[in-house]
Every structure is written in structure tokens, then in C-alpha cells.
Amino acid sequence: MPEKDFVACQAAIEPQKGPRRLVDAAIAGTAVAALCVAFAVGLAIRQLPYFVVYLAAAIAIALLLRRGPMAGIAERVGAAFGSSRPTAVGVLVLALAAYPILFQGNPYLIQVGALSAIYVIMASGLNITLGYAGLLDIGFAVYFGAGAYTSAQLAVNFGVSFWIGIVLGGLCASIFGFIVAWPALRVHDHYLGLVTLGYGLMMNLLARNLRFLTNGTDGVINIPPPSIGAHDFTRPLILGPLTLPFQANFYYLALAIALITCFVSYRLRESSLGRAWEAIREDEIAARCSGVNARGMKILAFSTGAFFGGVGGSIFAHMIGYIGPDSFTFLESITVLVMVVLGGAGNIVGAALGAVLLVIIPERFREFQELRLLLFGVALVLLMIGRPQGILPRRRARRLLPQEKLAALSLGEAGPGRNARASSDGTLGA
Amino acid sequence: MLSENWAQQIVNVATIGGMYTLVAVGFTIFFGVLGLINFAHGEVFMLGAFAALVVARTLDFTSTAGGVAMIAAMFVFATLFCGVVGAAIERVAFKPVRRAPMLVMLITSLGVSFILREAVREFFPDGANPLAFPSPFQSAEIRLRGVVISDTQILLIAASVLIVIGLYYLVERTWIGRSMRAIAEDRDAARMMGVDVDRVILAAFFIGSALGGVAGVMNGLYYLSIRFDMGWVMAIKGFTAAVIGGLGNIYGAAAGGYLLALLEVLIVALVPEGSEYKDVLVFLVLILMLVFRPSGIFRQAPQKVG
């Protein structure tokens, strides 16, 4: 509905003709394709010094597109995206599907791609909790762990198929989300973050100590890989004339689920649920006054986000073949959190981009294994100072009614700054 | 359980609780003046221990008098070093995001925490391994009806009590304490009343971090081994102590530190396999406090800084 409103109101502002639509579609498609090629080039660069140069160039171009003389181009492309999203998404999906074929000589990169897709699933999950409903969750790794352990133990001990296990893993994770949502209803902001942080640490410790459930610190080993019919996921994937390394199985599996996740997450945002979550995020009291069931909505936000976390964990466990307490530490929670914040909380593409960047860039700096966390810390501080709203902040003007949209256009875009100010006084309690 | 054992446990509680308290006070001060949960505080605590180790390795102590001078030098250097580091962190990392949403500050402090921890691991000689912390004491023991108190413990208990008393004077009787309380109450109003907010926040970070550094030295002296990742556990415990006392409440933090230590010692003593579940309990206390008693155990904060 709102999407149609938006298109309608945009049409009212600047009447579109057929050719313009085609041009828009062409621009959006080309832009996505160009971005994908640039990304692939980045992946193909093997020497680290060149990669650093590449990274610097990418950041410089991004900055130029924002403020520099190229800002006009960026605006035009942005407008094109707005009107021809299906084309952009189509090109992107094609490019993603072609990825293992392009890098078939390099199974490691396909594995990294699969890992990225798993993190996209999890970041989308947290994006629902944090980005939509504004509920800070620093214990997201719990759901990852819950999903992973559930499907792993079911598969190892009872021979349950992965396809059932992944659903049960997601459901089990959402129970864990439900458990923390209940006390979390009573607290806000900092306190909510700390409750979930404590929850994450506690669950990790329990996973270490409750040996009968989790095998303690040894973890669950020899988790069988998924299979479709007779096709085992540890065997090379044969697509007609192509023979792709076995990692491609996991890549396509994770990619498919990631795309479904993004789609569900998009539909949720546009649904009445999404609007209720947004209302709670912006002003809980006003939302309650308008008849939003804040309690239920918050519980739902936690459980839904957790479900995707569990699904991600389940795929991860079956891909790696092992799950232990060290796979879902505090660092894991922080990583997913940073993915969402780095990409732009509330923005699906942003969260996905954040996830991909945060998997791939550290992988590229593997030679600096020792310094990785140090660089991560430096990057975090610099990013938070320089661009606290994330790479792609959520757009807010989109959901205004047509006449308000017109007013907003004359006043300039209502950016995320409003939100930043709204919660800047975040002093609480005591 | 013998009653002597209990007396012994109380001595241990006083020792560990003192450390928790000093760390908790830092958390509470930062929260008071900036509304910030400073995850980097645990790393400042760790830096305190490493600063003292540097002092111990540089200087030489053999005689008893040398031992006393050594301890004094350790504490003074670690205090100043951590204070300066804390103030620098505030200026470089927190000041630019002071007005940003709290999630931004939270992540910034996590970033700082990664930087400090990894820098020590990477650049301190043999920093990735546990390092022996030299004890200037001859480990003399005082036996009192079966209760053993080492000279280290006496020092630690005395020091933490003295520091808490000193803090009371600082907060209640000095301009800096008054300004800190004013900022905690209402930053903008304080600014309008002529409080130099930037300077006071800087001072608050100096003080809080210096106390963390002191706790770090104490930790080294008590356990005689330090590690680059010792800060994280202490951060959680100090933070829990601060929450028990009510975030922003300095005296609450002091009480919370000792209470948390008591709780830990009790569970280890009473519950079978208690030491394994000790930290689970700490997190549980943290969650329960945050959910049911977010203003701390005191019904009304008697003298609050936040």
C-alpha cells in the first residue's frame, strides 16, 4: 500500500512517461551491474597492497558521489532506483547467482560467499529487532547458537533431516528470543542492551557447562551435511556443462534463504506489523495511545529476529560440520550488531551490505590475523564518528502521505537526523 | 562449615569486593556524566595492571623499604597512566559522538575496547600470554584465630576503603564533585549555570579511569598473574556491581562491589560445582537487577550522580 502511495505521489510530482521509465530501468540495472563488477574485481585482487588501494579508491568514489561534483549522478541513479526497483533487484540476483560460476576456480571465495549469505540472514533478523522495532539486542549470538545446536543435535542423535532441522532450529531460536523478550519488556535503551548482553553471556556459559545438552566445550562434531534426494552437499555441484566445487551447494542454499529472508523482511516492513514496530520505535507511548499492542509487538519483534538468527546458525552448523560454545561468543553478537549498524539500521539492503562487507573485508586481511581485531576497533570508532547512521540509512520520508510528501520535498528530505536527535538525550533511570 | 572459614571468606570478600568497587565506581561516574556504558573501562583496568608491571620491571626492589617504594611507584604510575588514557579516550572517541544516539556511543566504546586489548596483546612483549606479576611483598601472613590475612590483602582492603572515603570527599566537598553531580542531573542546565562541561567530563574520565587503574594494580598484586584479556570479565563484574548499587550512584557502586563479591563467595562455598556457575549467577543478577530493580537496591538513591 504505502509503496503504491509513494509511486503515485511521485507520479504526481513529476509525471513520468514511458521512455523515462525505460531509461530509469536501464540506469538502475547498469548501476547494479557496475557495482557487482566492481565488487567482483575487489574479490579477484589477490595481492593485499592492491586491495588496499582498491578499498581506498572505493571509499574515495563513495565520498565523491556524496558531496563532490558527482553528487548529481548519484541523485539521478537514486531516483532511478526508486522507480525501477524490480530491475535493480533482478540484475542483483542474476549477478549473485553467477558468482560461483565466475569464481569456480576458487572454492575458498565461494565458501566466503556462503558465509556472507549466512550473515545476511542473521543481520536481516537483527534488523527486524533493532532496525524496525528499535530494540537493542546485544545477545544475538544466542539465537545463532540455539538454531545451530538444535538442528545439529537432532541430525547427529536422531538422524533428523537438515530441512526439518533448520525449521526446528529457527523455532527453537525464536523461543530463546521469546524468553529474553519477556523481561526485556520492562526495560529500555541501555538497560535493554545490557539485559540482552547478560543473556548472551549467560547462555554461552550454560552451553559450556550443560554437557548433556551441548557436549560442553567439545561441542557437536560430525554434523552431517544437507542433501537433496541423492545429491549430497559435500559432492561437486553439476549444473549442465558446469561442475562447481561443493561449496557452491552451500552458497546457493544460503543465498536462496537469504533472498527469502530479505523478501520476508521487506514484506514485514510494509505490513501493518512493520508500521506498528516503527511506531513503537519512534514513540512508544504515542503508539500505545493509538492502539498498538506494544507488548505483543515487542515480543514478536524479538521472536521474529531470533528465528532468522536460528536459521543462519543452522545452516552454519551443517556447512562447517561443527558447533561449539566458541562459535557464538560475545564477539559474534557484536559482529552482527555492527553489521546492522554499519549498513544502516532499518534498511534491508544496508544490513545485507553491512553483513557482506564485514565478512569479506576481514577475510581479505587474513595475513594480518593478529591485527584484525585492532583494525576492526579502529574502523568502528572512525565509522561511528564519521557516519553514525550507517552506509545506507533508512529512508523515512517514504511513508508520508502524498500531501505531506509534497511538503517534505519542499522542506528537504527528513533524514535520519530526526531520529538521532530524538534519542540523543538517552539518559535513563537512576 | 567452621566459623573460622566464614571469617576467612569475609576477608576474601573484602579484598575482591574492593576491586569490584573501584571498577564499579568508574562505570557509575561515566554513566552519570555521559549516560554512557563504557565497555572500554575493563581494558583501562587491564592497562593499569600492565603499567604497574612495567614499573616493576624497570625498577628494582630487594629490600623491604624498596618494596614499599615499589608499591607506591606502581600505584602512582598506574593511576596517572590510566587517568591520562581515560581522558584521552574521552577526547578522541567519545566527545565527537556525545550527542549521538546511545547505540553509537556503545559501539564506539566497544571499538576502543578492541583497540586497547589488541594493542596490548600485539605490542606488549609476550603480551598474548599470562604474565607473572611480581610481588614486592615477602608474603608475610597474619594469623588471627585461624584466619589467615596476607599483607597484600591488608594493603588492598585498606587502600580500597581509603579510596572510597577519599571519593566521598571529592564528590561532596570539591567543585569538581559538585560540577559532576550538576552535569549528571542536567547537562544543559549545568552549562547555563557556568559549569565548564567539557572540562568536568574530562576530569570525570580521568578520575574514573584512574580508579580502574588502581583496581588493575590490586588485581595483579592479589592474583600475581595478569593477561591482556583480564579486563572483560572485570568489566562485567564491575558493571554488575554498579547496577546493583544503581547506575549513577557512587555509594551504591561501592556497596554493590562488596555485595557482588559476597554473593560470589557464597555460591562457591554453598553450591556444589559452584565455581563453574559463579559467572552464570553474576549475569543472572545483572539481568534480574536491570529488569526488576533498575534503580539499584536502594529504594531511593541516597546521593546520586546520575
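Residues numbered from 1 in each chain as written. Chains lettered and ligands numbered in written order. Predicted model: local features only at pLDDT ≥ 70, side-chain atom pairs only at ≥ 80, totals over all residues.

Here the focus is the overall build of chain B. Scanning chain B from terminus to terminus reveals 11 helices and 4 strands. Taken over the C-alpha trace, chain B has a radius of gyration of 19 Å; the compact-globule value for 306 residues is 19 Å, and the two agree within 12%. In terms of its C-alpha atoms, chain B occupies a principal-axis envelope of roughly 60 × 45 × 35 Å. Of all 306 residues assigned to chain B, the portion counted as buried reaches 56%. Restricting the contact set of chain B to residue pairs at least 6 apart, pairs at least 24 apart contribute 77%. (Helix = DSSP H or I, 4+ residues; strand = E, 2+ residues; numbered from the N terminus. Rg over C-alpha atoms; globule rule 2.2 N^0.38 Å. Buried ≥ 20, exposed ≤ 12 C-beta atoms within 10 Å, placed from the backbone. Contact = placed C-beta atoms within 7 Å.)

When you go through chain A residue by residue, the secondary structure sums to 19 helices and 4 strands. Counting across all 430 residues of chain A, residues that qualify as buried make up 43%. Once local pairs closer than 6 in sequence are excluded, the contacts in chain A between residues at least 24 apart make up 76%.

This part covers the domain arrangement of chain A. All names here are of chain A. The assigned domain composition of chain A is domain 1 (1-102) and domain 2 (108-367). Look at where the C-alpha atoms of domain 1 and domain 2 centre, and you get two points 27 Å apart. Contact residues are listed per partner, giving 10 residues for domain 1 and 12 residues for domain 2. When residues of the side of domain 1 that touches domain 2 are traced back to their parent elements, those giving at least two are helix 1 (2-13), helix 3 (48-67) and helix 5 (85-102). For the side of domain 1 that touches domain 2, the leading source of residues is helix 5, giving 5 residues. Across the side of domain 1 that touches domain 2, the residue classes tally to 9 nonpolar, no polar and 1 charged. (Domains from an automatic or database assignment. Nonpolar A, V, L, I, M, F, W, Y, C, P; charged D, E, K, R; others polar.)

Moving on, we get to the nonpolar core. Residues and elements named next belong to chain A. With 218 residues, the main nonpolar core has Ala123 and Ala254 as its most contacted residues. Examining the composition of this core, we find that 16 residues originate from one element, helix 6 (residues 107-132), more than from any other. Beyond its immediate stretch of four places on either side in the chain, Ala254 contacts Ala114, Ala117, Ile118 and Ile315. Among the nonpolar cores identified, the runner-up in size contains 6 residues, and Ala28, Ala80, Ala88 and Val91 belong to it. (Core = buried A, V, L, I, M, F, W, Y, C linked by C-beta atoms within 7 Å.)

Moving on, we get to helix 15 (residues 330-343) of chain A. Between the first and last C-alpha of helix 15 of chain A there are 20 Å, a value that for 14 residues agrees with the 20 Å anticipated at 1.5 Å per step. Most of helix 15 of chain A sits out of view: 12 of its 14 residues are buried. Among all positions of helix 15 of chain A, only Glu332(A), Ser333(A), Ile334(A), Thr335(A), Val336(A), Leu337(A), Val338(A), Met339(A), Val340(A), Val341(A), Leu342(A) and Gly343(A) are buried. Where helix 15 of chain A is buried, its residues contact helix 6, helix 7 (141-158), helix 9 (189-209), helix 16 (348-364) and helix 17 (372-386) of chain A together with helix 4 (102-123) of chain B. Two residues or fewer past helix 15 of chain A, Gly344(A) is found with a positive phi of approximately 125 degrees. (Expected span 1.5 Å × (residues − 1).)

Residue and element names in this part refer to chain A. Running from amino to carboxyl end, helix 6 crosses helix 14 (residues 294-320) at an angle of 170 degrees, the nearest separation of the two axes being 7 Å. With respect to each other, helix 6 and helix 14 are oriented roughly antiparallel. When its residues are assigned to classes, the contact of helix 6 with helix 14 shows 16 nonpolar, 7 polar and no charged. (Axes fitted to C-alpha atoms, helices over the stretch in contact; angles between N-to-C directions. Parallel < 35°, antiparallel > 145°, perpendicular 65-115°, else oblique.)

Before going further, it helps to examine the interface of chain B and chain A. Listed by partner, the interface residues are 42 residues for chain B and 39 residues for chain A. Counting residues per element, the ones that place at least two in the side of chain B that touches chain A are helix 4 and helix 11 (274-292) of chain B. It is helix 4 of chain B that contributes the most residues to the side of chain B that touches chain A, 14 residues altogether. Along the lines of polarity and charge, the residues of the side of chain B that touches chain A split into 28 nonpolar, 8 polar and 6 charged.

This part covers the confidence of the model for chain A. Taken over all residues, the pLDDT of chain A has a mean of 84, while the share at 70 or more is 87%. Contacts for the low-pLDDT stretch residues 410-430 of chain A, under 50 throughout, to residues beyond four places or in other chains number 39 contacts. (pLDDT = per-residue confidence, 0-100.)

Next up on the list: the confidence of the model for chain B. All names here are of chain B. Residues with a pLDDT of 70 or more make up 93% of chain B, whose mean pLDDT is 86. Predicted confidence for residues 301-306 stays below pLDDT 50, and this span has 27 contacts to residues more than four positions away or in other chains. Confidence estimates for the predicted assembly give a pTM of 0.86 and an ipTM of 0.85.

Below, the discussion takes up the packing of helix 10 (residues 250-270) of chain B against helix 11 of chain B. Residue and element names in this part refer to chain B. Contact geometry for helix 10 and helix 11: axes closest at 9 Å, N-to-C directions at 145 degrees. Seen along the crossing, helix 10 lies across helix 11 with a hand that is right-handed. Here Leu263, Glu264, Ile267, Val268 and Leu270 of helix 10 lie close against helix 11, whose contacting residues are Gly274, Ser275, Lys278, Leu281 and Val285. Of the residues contributing to the contact of helix 10 with helix 11, the split by class is 6 nonpolar, 2 polar and 2 charged. (Left-handed = near helix turned anticlockwise from the far one by under 90°.)

So, about the pairing of strand 3 (residues 147-150) of chain B. Residue and element names in this part refer to chain B. For strand 2 (residues 141-144) and strand 3, the ladder comprises 4 bridges, and the chain directions are antiparallel. In the sheet register, Ile142 faces strand 3, and the bridge partner there is Ile149. The turn joining strand 2 and strand 3, which pair antiparallel and follow one another in sequence, is formed by 2 residues; a positive phi near 50 degrees is taken by Arg145. (Pairing = 2+ DSSP bridges.)

We now examine unusual backbone geometry. Residue Asn215(A) is not a glycine yet carries a positive backbone phi of 65 degrees. Assignment of secondary structure puts Asn215(A) in the loop between helix 10 (211-214) and strand 1 (227-228). In this structure Asn215(A) comes out as partly exposed when scored by C-beta crowding, with 19 C-beta atoms within 10 Å. One non-glycine residue, Asp126(B), lies in positive phi territory at about 55 degrees. If you trace the backbone, Asp126(B) turns up in the loop between helix 4 and strand 1 (131-132). Exposure remark for Asp126(B): the 8 C-beta atoms within 10 Å place this residue in the exposed category.

Moving on to the environment of Ala119(B). Residues and elements named next belong to chain B. Here Ala119 lies in helix 4. Ala119 gets classed as partly exposed once you count the C-beta atoms within 10 Å, which come to 18. On a C-alpha basis, the gap between Ala119 and Arg91 in space is 19 Å, while along the polypeptide they are 28 residues apart.

Checked against the element boundaries, Ile16(B) lands in helix 1 (residues 3-34). It is 19 Å that separates the C-alpha atoms of Ile16(B) and Leu284(B), two residues lying 268 residues apart in sequence.

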